[in-house]
Structure formats: structure tokens, C-alpha cells
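What follows is each chain in one-letter form.
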Amino acid sequence: GEDVEQSLFLSVREGDSSVINCTYTDSSSTYLYWYKQEPGAGLQLLTYIFSNMDMKQDQRLTVLLNKKDKHLSLRIADTQTGDSAIYFCAEKLLGSQGNLIFGKGTKLSVKP
Amino acid sequence: GAVVSQHPSRVICKSGTSVKIECRSLDFQATTMFWYRQFPKQSLMLMATSNEGSKATYEQGVEKDKFLINHASLTLSTLTVTSAHPEDSSFYICSAQTPPMEFFGPGTRLTVL
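1. Here we look at the packing of aromatic side chains
Then step 1. Scanning all chains against the criterion turns up 14 aromatic pairs over all chains.
Then step 2. Ring geometry for Tyr35 of chain A versus Phe104 of chain B: centroids 5.0 Å apart, planes at 85°, classification edge-to-face. Taken together, the residues span two chains, with Tyr35 of chain A in strand E4 (residues 29-37) and Phe104 of chain B in strand E10 (residues 101-104). In this pair, the class of Tyr35 of chain A matches that of Phe104 of chain B, namely buried.
Then step 3. Arranged with centres 5.5 Å apart and planes meeting at 40°, the rings of Tyr36 of chain B and Phe104 of chain B form a pair that is tilted. Residue Tyr36 of chain B is found in strand E4 (residues 32-38), and its partner Phe104 of chain B is found in strand E10; the two are separated by 68 residues along the sequence. For the pair Tyr36 of chain B and Phe104 of chain B, a shared accessibility class is recorded, and that class is buried.
Then step 4. Feature note: the residues Tyr31, Tyr33, Tyr35, Tyr48, Phe50, Phe88 and Phe102 of chain A together with Phe34, Tyr36 and Phe104 of chain B constitute an aromatic cluster, connected by ring pairs.
Then step 5. Seen from the ring of Tyr48 of chain A, Lys56 of chain A lies directly overhead, with NZ or CZ sitting 4.1 Å from the centre.

Below, the structure written as C-alpha cells:
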């Protein structure tokens with residue numbers, strides 16, 4: 001079945017790199033996404049990667065995809081206090097009606 | 001990225017009343033919009049998929065007569081919570097798709113007294 005797993009919490013110091021990990025079970029994923037949610041707000045699309053790519057970099061964000069292990073990660077370089085939020089990993093499946101399957105979210109806390 | 005708006009952002013209503021939530025894609029056309037519900041400290045639960053000009057597709061366990069969805073145009077979908085009860089209190093979030101990306105609205109906090 002479809003399942004997306006993330007660790008629930010991550011704590012880092014300001015200026016360090018953060019790495020948020022995600023695993024998924026369905027090999028028919030076409031795209032994988034990272035969203036950021038701040039308290040009381042909707043989800044902000046940070047980045048996405050096509051399933052035949054290994055890596056995508058966008059400024060401070062680096063996404064790594066290991067399709068063989070069904071593992072996705074988001075690395076945030078030079079983490080700032082403004083990066084504190086919940087980060088959701090999501091996948092879109094081939095042949096689905098287009099909706100995303102979400103993980104439970106990783107709460108990132110950045111300590112000064 | 002593209003902008004999706006939701007109105008109202010917060011609503012408090014009495015039990016038994018109906019509440020309408022609007023979702024608009026402001027700078028793009030979306031043939032497909034989605035409605036999600038999010039409980040505190042939890043992930044998003046897909047309620048229904050809304051396609052312009054056709055009936056919405058509801059997820060298992062979601063009452064279509066209670067959560068009425070109308071996708072009147074390529075930029076507007078509405079969710080009406082009919083005869084709301086306290087257990088319907090939640091954070092409702094819509095999203096609009098412009099493949100392969102999906103953009104989310106800011107959410108609507110519904111409190112039913």
C-alpha cells in the first residue's frame with residue numbers, strides 16, 4: 001500500500017545543516033515533494049523532484065533521491081531560526097487521480 | 001510560486017449552521033483542486049478531489065452530503081460544511097494543481113460551538 005514515513009522531530013543549531021529524511025513504499029511514485037508548514041498556515045511548496053532524478057539543488061535546499069531504497073532527503077544548508085517549521089514529504093503516484101500522499105511531517109527546531 | 005487563496009481564514013459558527021469556504025487560484029487556472037482536513041499535530045487527510053465542471057470525487061469515509069463541493073470555474077472551488085457539528089471543527093486546506101506542482105491555500109480554521 002501507499003505509505004510515507006518521516007521522523008517526527010529534528011533539532012539543530014543555527015548555522016548548521018539540517019537533513020530531513022523520508023521513506024516511501026510505492027515504487028510507482030512519479031514526483032516527490034517537500035512542503036513547509038508554519039504554525040496556523042497552509043503548506044508552502046519548497047521543491048520537488050522527478051522520480052528519475054537523483055539530486056536537485058535550489059539555493060540552500062538540496063534534495064537527494066535514492067529510488068532503489070525509496071529514500072528521499074531534504075538538506076537545508078546554513079539553517080536559520082526562520083526555518084523552524086514542520087516539513088512534509090509527499091509523493092504523487094502514477095495512475096492516481098493526482099492527489100499527493102503525505103508523510104506525518106518532521107518538526108524542525110532551530111536553536112540560536 | 002503560484003498563489004492560492006482561501007476565505008475565510010477563520011470562522012466560528014453555531015452547531016447546525018452551514019459554512020462555505022472558498023478556494024481560488026489567483027494567477028493560474030486549475031482543472032483540479034483538492035480539499036484536505038488537518039487535525040492538530042497531524043498530517044493532511046484528503047477529503048475530496050474537485051474537477052472543474054464535474055462532480056467531486058470523495059475519499060472513503062467522507063460524507064458527500066455533508067461536505068458539498070462545487071468547482072464552478074477553473075479558478076474557484078467551494079466547500080460547504082452543512083449542518084456543522086463540533087466534531088467538524090478542524091483546519092481545512094485546499095490546493096490547486098498545475099502539474100506537476102500543487103499549491104496550497106493558507107487554510108481555514110473552522111470552530112463549531
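Read on, since the account is not over.
2. Re the pattern of salt bridges
Once the charged atoms of two side chains with opposite charge are near each other, the side chains can pair.
Residues and elements named next belong to chain A.
Then step 1. In the structure shown here, the tally under the stated rule is 5 salt bridges over all chains.
Then step 2. The salt bridge involving Glu38 is made with Lys36; its shortest N-O contact spans 3.8 Å.
Then step 3. Take Lys36: its relative accessible area is 10%, and that puts it in the buried class.
Then step 4. We note a salt bridge from Asp83 to Arg60, for which the minimum N-O separation is 2.9 Å. With Asp83 in the loop between strand E8 (71-76) and strand E9 (85-93) and Arg60 in the loop between strand E6 (55-58) and strand E7 (61-66), this residue pair connects regions lying 23 residues apart in the sequence.
Then step 5. By relative accessible area, Asp83 is classed as buried at 7%.

3. Considering the state of the cysteines
Linking two cysteines covalently through their sulfur atoms gives a disulfide.
Then step 1. As enumerated under the stated definition, the model contains 2 disulfides over all chains in all.
Then step 2. Between the sulfur atoms of Cys22 of chain A and its disulfide partner Cys89 of chain A the distance amounts to 2.0 Å. Between Cys22 of chain A and Cys89 of chain A, the S-S torsion sits near -65°, and that sign places the bridge as left-handed. Of this pair, Cys22 of chain A sits in strand E3 (residues 18-24) while Cys89 of chain A is found in strand E9, placing the two residues 67 residues apart along the sequence.
Then step 3. For Cys89 of chain A, a relative accessible area of 1% puts it in the buried group.
Then step 4. A sulfur-sulfur separation of 2.0 Å characterises the disulfide bridge that pairs Cys23 of chain B with Cys94 of chain B. Its torsion about the S-S bond being 80°, the disulfide of Cys23 of chain B and Cys94 of chain B is classed as right-handed. Of this pair, Cys23 of chain B sits in strand E3 (residues 19-25) while Cys94 of chain B sits in strand E9 (residues 90-98); the two residues are 71 residues apart in sequence, bridging distant segments of the chain.
Then step 5. With no disulfide of its own, Cys13 of chain B has Cys94 of chain B as its nearest cysteine by sulfur position, at a separation of 18 Å.

4. Describing the pairing of E7 of chain A
Strand residues, when the strand is regular, have side chains that alternate between the two faces of the sheet.
Residues and elements named next belong to chain A.
Then step 1. Where E6 and E7 come together, 4 bridges link them in antiparallel fashion. Across the sheet, residue Asp58 finds its bridge partner in E7, namely Leu61.
Then step 2. What sits between the antiparallel neighbours E6 and E7 is a turn of 2 residues, in which Gln59 has the positive phi angle 55°.
Then step 3. Where E7 folds back onto E8 in an antiparallel hairpin, the turn is made up of 4 residues, including Lys70, whose phi is positive at roughly 55°.

Calculation criteria
- Residues numbered from 1 in each chain as written.
- Chains lettered and ligands numbered in written order.
- Predicted model: local features only at pLDDT ≥ 70, side-chain atom pairs only at ≥ 80, totals over all residues.
- Heavy atoms only, no water.
- Phe/Tyr/Trp six-rings, centres within 6.5 Å; stacked < 30°, edge-to-face > 60°.
- Helix = DSSP H or I, 4+ residues; strand = E, 2+ residues; numbered from the N terminus.
- Buried < 20%, exposed > 50% of the residue type's maximum accessible area, 1.4 Å probe, protein only.
- Lys NZ or Arg CZ within 6 Å of the ring centre and 35° of its normal.
- Salt bridge = Lys/Arg side-chain N within 4 Å of Asp/Glu carboxyl O.
- Disulfide = S-S within 2.5 Å.
- Pairing = 2+ DSSP bridges.

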